[in-house]
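Spelled out from the first residue to the last, the chains are:
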Amino acid sequence: MPATPTSADDARDLIRSLPKVRLRGAGSKSALSGDAGTEGAESVSLAGLSGMIEYEPSEFCFTAKAGTPLRAIAAELATHGQYLPFDPPLAEQGATLAGNLAAGLSGPGRLRYGGLRDFVLAVEFVDGGGELRRGGARVVKNAAGFDLPKFLCGSLGKFGAITELTFKVFPKPEATRTLRAAAGSLAGGIDALRRIAMLPLDLDALELSSAGDLTVRLAGRGDALSARADRLRADTGMDFEALPAGDADAYWARLGALDFGGGCAIRIPLTPDRIASLDDAAAALGAARHYSMAGNLAWLGIAADRVPALDKALAKAGLAGVAIRGEGIADPRIGTLPSVAAEAMVRRVFDAGGRFV
């Protein structure tokens, strides 16, 4: 069982005592929290650092401990009509606030409001030297010092153990409506995706299936959604049909759970012009494919034994991926990896002794 500190000081003292540390949260991202490839490292769970520290609804920001479940945060924000609009994935599966930041995960709502890194204001973390560090500030308008909170976004626990975070939040929309239209093929869907993304429709989310089905979410005043849906149909010339509330909720919940089938969920940043070639390569490996955020992010569901082949295919295409869910994956980063030299320079600053693995 991993060691589970319950305070920032406990986490600092524990990390100081260990030569090699493997950080984890609640374990919702199995490819990131597993022990494959981390022999000799002690597992440390930050899930014991849980709870809101400060929440000022009038200031639209909160501070919470690293291991606070996203589901608990969403419930507290909802009591004041507020939310995290970037749709943090795996919230219903127990994901934590710091785990979400370390993985750099944002959901479909990133299209309209920006991603996780646009909402984090401040961070407290233990560096590789066992020192408690702070970066950012508990205010929305701040331009002092290095922007460490954004730097730790997507760091995968390699540079420090996050103990506390401050986020800004937004007012929750009065109502949402989900609409779907079939383009008939992936090529037709990509063409429609490009056209829709350029229209001044203020969409809340825009998703594309490998079959060419487009799913749009509108959000805002309830009495305005019908008119906005009509404008979507008029501007696109497509027959967008509104999904029943239950079907819409199930669709967004499935995306939030990263439920794409195949056993492993792989995230791949890309652009719409690269969807077709990636889709061909992924289909040849038997992977399920889904394209999110107006075609700027691909999610693949693939069997674990096909991940090495996908690694080679992505490297050949010059694309990078990260396995978020899946068992027994030695390195979740696949495809074209970032510069080893650049990562080494960063680690010399935050973890010169290589404590975090």
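Placed above this text is the structure.
Residues numbered from 1 in each chain as written. Predicted model: local features only at pLDDT ≥ 70, side-chain atom pairs only at ≥ 80, totals over all residues. Heavy atoms only, no water.

What to know about unusual backbone geometry
Across the chain, the bulk of peptide bonds are trans and the bulk of non-glycine residues have phi less than zero.
Moving on, step 1. The backbone of Leu258 shows a phi angle near 55 degrees, a positive value even though the residue is not glycine.
Moving on, step 2. Among the secondary structure elements, Leu258 is positioned in the loop between α9 (245–256) and β14 (264–269).
Moving on, step 3. Residue classification places Leu258 among the buried positions, given a relative accessible area of 1%.
Moving on, step 4. In this structure, Met293 takes a positive phi of about 50 degrees despite not being glycine.
Moving on, step 5. Looking at the secondary structure, you find Met293 in the loop between β15 (288–292) and β16 (297–302).
Moving on, step 6. Judged by relative accessible area, Met293 falls into the buried class, the value being 9%. (Helix = DSSP H or I, 4+ residues; strand = E, 2+ residues; numbered from the N terminus. Buried < 20%, exposed > 50% of the residue type's maximum accessible area, 1.4 Å probe, protein only.)

Focus: the packing of aromatic side chains
Moving on, step 1. Tallying each qualifying case throughout the model produces 10 aromatic pairs.
Moving on, step 2. Seen from their ring centres, Tyr113 and Phe170 are 5.4 Å apart, and the 80 degrees between their planes marks the pair as edge-to-face. Here Phe170 lies in strand β9 (residues 170–171) and Tyr113 lies in helix α5 (residues 110–113), a separation of 57 residues in the sequence.
Moving on, step 3. Taking relative accessible area as the criterion, Phe170 reaches 27% and is therefore assigned partly exposed.
Moving on, step 4. On the numbers, 5.5 Å between centres and 20 degrees between planes, the contact of Phe151 with Phe159 is stacked.
Moving on, step 5. Put simply, the rings of Phe62, Phe86, Tyr113, Phe119, Phe167 and Phe170 pair up and form one aromatic cluster.
Moving on, step 6. Directly above the aromatic system of Phe119 lies the positively charged group of Lys168, at a separation of 5.5 Å from the ring centroid. (Phe/Tyr/Trp six-rings, centres within 6.5 Å; stacked < 30°, edge-to-face > 60°. Lys NZ or Arg CZ within 6 Å of the ring centre and 35° of its normal.)

A word on the packing of helix α7 (residues 186–198) against helix α10 (residues 275–284)
Moving on, step 1. At a minimum axis distance of 10 Å, the contact between α7 and α10 shows a crossing angle of 150 degrees. Classified by the angle between their axes, α7 and α10 sit roughly antiparallel to one another. Between α7 and α10 the crossing geometry is right-handed. Contact residues: α7 offers Leu186, Ile190 and Leu193, while α10 offers Ile275, Ala276 and Asp279.
Moving on, step 2. A breakdown of the residues in the contact of α7 with α10 according to their chemical character gives 5 nonpolar, no polar and 1 charged. (Axes fitted to C-alpha atoms, helices over the stretch in contact; angles between N-to-C directions. Parallel < 35°, antiparallel > 145°, perpendicular 65-115°, else oblique. Left-handed = near helix turned anticlockwise from the far one by under 90°. Contact = heavy atoms within 4.5 Å. Nonpolar A, V, L, I, M, F, W, Y, C, P; charged D, E, K, R; others polar.)

A few points about the environment of Glu327
Moving on, step 1. Along the chain, the position of Glu327 falls in the loop between β17 (320–325) and β18 (333–335).
Moving on, step 2. On the basis of relative accessibility, which here comes to 61%, the residue Glu327 falls in the exposed class.
Moving on, step 3. Considered as a pair, Glu327 and Asp235 are 92 residues apart in the sequence and their alpha carbons are 45 Å apart.
Moving on, step 4. Discounting chain neighbours no more than four positions away, the residues touching Glu327 are Ser30 and Ala304.

Details of the nonpolar core
Moving on, step 1. Of all hydrophobic cores here, the largest spans 45 residues; its most connected members are Phe62, Leu84, Leu101, Ile162, Leu165 and Phe167.
Moving on, step 2. Broken down by element, this core gets its largest block of residues, 4 residues, from helix α4 (residues 97–103).
Moving on, step 3. With residues up to four places along the chain from it excluded, the contact list for Leu101 reads Leu116, Val120, Pro149, Leu152, Cys153, Gly154, Ile162, Leu165 and Phe167.
Moving on, step 4. Membership of the second largest hydrophobic core comes to 41 residues, among which are Ile190, Leu300, Leu319 and Ile329. (Core = buried A, V, L, I, M, F, W, Y, C linked by side-chain atoms within 4.5 Å.)

Section: the sheet that holds β14
Moving on, step 1. Spatially, β13-β10-β12-β11-β15-β16-β14-β17-β18 is the arrangement adopted by the 9 strands of the open sheet, whose pairing is antiparallel. At either margin of the open sheet sits one strand with a lone partner, and together these are β13 (241–242) and β18.
Moving on, step 2. As defined by bridge partners, β14 adjoins β17 across 3 bridges and the pair is classed as antiparallel. Paired with Ala265 across the strands is Arg325, a residue of β17.
Moving on, step 3. Most of the contacts of α7 go to strand β11 (residues 205–209), to which it runs at about 170 degrees, and overall it touches β11, β12 (213–220) and β15. (Pairing = 2+ DSSP bridges.)

Brief notes about the side chain of Asp204
Moving on, step 1. As for its position among the elements, Asp204 is in the loop between α7 and β11.
Moving on, step 2. Of the polar contacts made by the side chain of Asp204, one reaches the side chain of Arg217; its length is 2.6 Å.
Moving on, step 3. Here Asp204 is in contact with Pro108, Gly109, Leu111, Arg112, Tyr113, Arg217, Leu218 and Ala219, once residues within four sequence places are set aside. (Polar contact = N/O pair within 3.5 Å; in protein donor to acceptor, adjacent residues only side chain to side chain.)

Observations concerning the pairing of strand β3 (residues 52–56)
Moving on, step 1. With 4 bridges joining them, β3 and strand β4 (residues 61–65) adopt antiparallel strand pairing. Paired with Met52 across the two strands is Ala64, which belongs to β4.
Moving on, step 2. Between β3 and β4, which pair antiparallel one after the other, the connecting turn spans 4 residues, and Phe60 there sits at a positive phi close to 55 degrees.

With respect to α9
Moving on, step 1. Given a rise of 1.5 Å per residue, 12 residues ought to cover 16 Å, and the 16 Å separating the end C-alpha atoms of α9 matches this to within 8%.
Moving on, step 2. If you check which residues of α9 are buried, you get Ala248, Tyr251, Trp252 and Leu255. Each buried residue of α9 lies within a common arc of 90 degrees when the element is viewed along its axis, so the set occupies one face. Residues of α9 that are exposed and point over 90 degrees away from its buried face: Gly246 and Asp249.
Moving on, step 3. Looking at the residues trailing α9, positive phi occurs at Leu258, about 55 degrees. (Expected span 1.5 Å × (residues − 1). Arc of directions from axis to C-beta.)

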